[in-house]
Amino acid sequence: MKSLKLFVFSVISLVLGLIFGVSSVSAQGVNDFVITDMQVNYNLTNIDPQGLLVISEKISLDFSGQNRGILRAIPNTYKDQDLELKNITTIRDDQPEPFSTYEDNGNTVIRIGDPDVYITGPHVYEISYSVANVISFYEEYDELYWDVNGDGWFQTFENVSATLVSDAAPGPEDPVCYTGSFGSTSQDCTIVDDESSLEISTTRALNGGETLTFIASYEKGYFTPPTWLEQSWKLLATIPLILLQLWILRDTHKKWVMYGKDYKKRATAPFFGRPKNVSVMQASYVASNSLTSKHISAAIIDLAIRGYIKIVETGSGRKVKHELIVQKELDESLSTDEKTLLNALFDSVSVGESIKLEDKKNKLYKTLTKLQKDIDSTSKEKGFYELSPVKAAGKIGAQIGLSVLFLVFGIGFSVWLGNPIAAMSGGIIFVVVLIYSALMTKRSQAGVELAEHMDGLKLYLGFSEKERLKAQDAVEAPLAPHAGQPVRDVKFFEKLLPFAIAMGVEKTWANAFADIYEQPPEWYGGNWHTFNTLALANSLNSVSTSTAQSFSAPSSSGSSGFSGGGGFSGGGGGGGGGGGW
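The model shown is predicted, which means the values in this text are computed figures rather than measured ones. (Residues numbered from 1 in each chain as written. Predicted model: local features only at pLDDT ≥ 70, side-chain atom pairs only at ≥ 80, totals over all residues. Heavy atoms only, no water.)

Draft legend 1. How the structure looks around a nonpolar patch on the surface. Together, Trp 228, Leu 229, Leu 235, Leu 236, Ile 239, Leu 243, Leu 246 and Ile 421 make up an exposed nonpolar region whose accessible area comes to about 740 Å². Ranked by the residues each element gives to the nonpolar patch, the list is headed by helix H2 (residues 228–260), at seven residues. Considering the arrangement of structural elements, one finds Leu 229 in helix H2. Classification of Leu 229 as exposed rests on a relative accessible area of 52%. (Patch = residues over 30% accessible without salt bridge, like charges linked within 9 Å, V, L, I, M, F, W, Y side chains within 5 Å. Areas by Shrake-Rupley, 256 points an atom, 1.4 Å probe, with all protein chains shown as cover. Salt bridge = Lys/Arg side-chain N within 4 Å of Asp/Glu carboxyl O. Helix = DSSP H or I, 4+ residues; strand = E, 2+ residues; numbered from the N terminus. Buried < 20%, exposed > 50% of the residue type's maximum accessible area, 1.4 Å probe, protein only.)

Draft legend 2. Region of interest: the sheet that holds strand S17 (residues 197–202). If you walk across this open sheet you meet the eight strands as S7-S6-S10-S2-S1-S14-S17-S16, and the pairing is mixed. Looking along the sheet, the strands with just one partner apiece sit at the ends: strand S7 (95–96) and strand S16 (189–193). Pairing analysis gives 13 bridges linking strand S2 (residues 52–67) to strand S10 (residues 119–132), with the strands arranged antiparallel. By the bridge assignment, Leu 52 is partnered in S10 with Ala 132. (Pairing = 2+ DSSP bridges.)

Draft legend 3. Here's a closer look at the nonpolar core. By size, the foremost hydrophobic cluster in this structure holds 60 residues, and its most contacted members are Leu 341, Phe 346, Leu 461, Leu 497, Trp 509 and Trp 523. Per-element tally for this core: the top contributor is helix H12 (residues 490–503), with nine residues. When residues no more than four places from it in sequence are discounted, the contact partners of Leu 497 are Ile 301, Ile 305, Trp 509, Trp 523, Leu 536 and Leu 540. (Core = buried A, V, L, I, M, F, W, Y, C linked by side-chain atoms within 4.5 Å. Contact = heavy atoms within 4.5 Å.)

Draft legend 4. View of the sheet that holds strand S19 (residues 309–314). Strand order in the open sheet made by the four strands is S21-S20-S19-S24, with mixed pairing throughout. Looking at strand neighbours, the two that pair on one side only are strand S21 (354–356) and strand S24 (524–525), the edges of this open sheet. Set on the sheet, helix H4 (residues 293–305) makes contact with S19 and strand S20 (321–326); between it and S19 the angle comes to about 110 degrees. (Axes fitted to C-alpha atoms, helices over the stretch in contact; angles between N-to-C directions.)

Draft legend 5. Here's a closer look at the side chain of His 123. Along the chain, the position of His 123 falls in strand S10. Using a relative accessible area of 10% as the deciding quantity, one classes His 123 as buried. For His 123, the residues in contact, after removing those within four places along its chain, are Ile 59, Ser 60, Leu 61, Phe 63, Arg 92 and Asp 93.

Draft legend 6. Structural context of the packing of helix H3 (residues 280–288) against H12. Here H3 crosses H12 at 40 degrees, and the two axes come no closer than 10 Å. One way to sum up the angle between H3 and H12 is to call them oblique. As for how H3 packs across H12, the hand of that crossing is right-handed. Of H12, the residues touching H3 (which contributes Val 280, Ala 283 and Ser 284) are Pro 498, Phe 499 and Ala 502. Across the contact of H3 with H12, the residue classes tally to five nonpolar, one polar and no charged. (Parallel < 35°, antiparallel > 145°, perpendicular 65-115°, else oblique. Left-handed = near helix turned anticlockwise from the far one by under 90°. Nonpolar A, V, L, I, M, F, W, Y, C, P; charged D, E, K, R; others polar.)

Draft legend 7. Spotlight on the pattern of salt bridges. According to the stated counting rule, one finds 12 salt bridges in the structure shown. We note a salt bridge from Arg 306 to Glu 338, for which the minimum N-O separation is 2.6 Å. You can see Arg 306 sitting in the loop between H4 and S19 and its partner Glu 338 sitting in helix H5 (residues 336–345), a full 32 residues away along the chain. You can call Glu 338 buried: its relative accessible area is 4%. When salt bridges with common partners are traced through the structure, they connect Arg 274, Asp 302, Arg 306 and Glu 338 into a single cluster.

Note that all results are geometric; they support no functional claim without further evidence.
Right under this line is the structure:
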């Protein structure tokens, strides 16, 4: 993964150089150069118990165009250990050269050169720095596994060589070297071991994305493995924060048990009566603790069936349109939410007034919010809630705020420590607290009975006809009028049709009454080739689609990005990449 990120960095540097290069930069681009030679000297000591590597890189190159200088990217970690990059110096052509650093993709990028000075032709750069925690510890030996130039360069290296000096005694494993892109096992290189030093060099040019890598072993004892505390301090440092995050979760759960846990529902039995004294929207709201465009579509159909509006369908396919025409004035039999809906659809709600539902696309999304607040308020007044959906999240507002705060702390800890645990735990706790906020709503006993009724009604509406006939003796719901066995006629079909639409089972309900109509209903006009209840259900489904568009907010879009990769050759520490600028 590290190597691919570095390679991507180099490619991005090339692209940015090509796109944003100023007029004084030649057409070849800032990354159009060849590295004729790279010589690196390594001095490995135990000044840092886990290995301190003092590095001096000499890079000879030839710019084809005009450049300000070069970029050198040094990885910040190796095997989850901070390399503690320090003591950076830069020289160009035997003279000190200005530089700056910035962080990118897990690397410290050294930008060498003066932003106001352009150079071209051959130059020699010398970069010195030190890194710690470079040794890997195994049972029989300690190991330095290192990339020399790194596989994150886009340029060709005509020659790469390295010298490693150390006071540590050589280990039982012979030193080896590898060349190529990440994962390569090619050995186009030579390695000379004279006990106190290693000489490593390539035997061919390295193309962009290829590196020289070497591995050296050392006897146990010279370097000291990190103690358990040194290895675990990052985890230990995050424990207090994680405990605080868990405390927030525990406190949220206690709040839910105290204020938001619903009364237990009884077993669901099929019901075939409309709930009393509630609109389709209010019943659907209490049943699902939310209001959707599907519920509003059902309310529009219900208003049409009850004679307040007429729906006229014109066109076909993607060009279908729905005209809503007011048939009678508002009256007291309408619920508050139904009046709000009609006033949102029509300017004056006067008889004969008409609108095209499709013309309201993205214009009624604020009405959905108002309807939800109004229905929430009236549902609380009617005694359906002890803690309503609108008020529920506020009951754990403090816990939501603290979970956000500790998520931010967790991200900060993870960046500082290079350990993702605090950020991951903070993210999980935040999501769980949000789930609790959605579950915090608590229906009253009456609200639970209404939800039971809606569950039973959905069960009945979703029955096949054979199952429905068996259910005719079902026990009546507490909120339904006593009706005995329902009469299978148009009136009964239309009475429950809005609830079937709200619950998404309108086609099943229509199939059960396929032969019930002798002629199309007066409340819905369409270009019928053949008419039956299933054709009606399909047409009503297009009403639902148009309603959803009308009550939806305008859409927005975003983008995201990603990176990854991995392999063998180039799998050591150091290395990195670079480019021009």
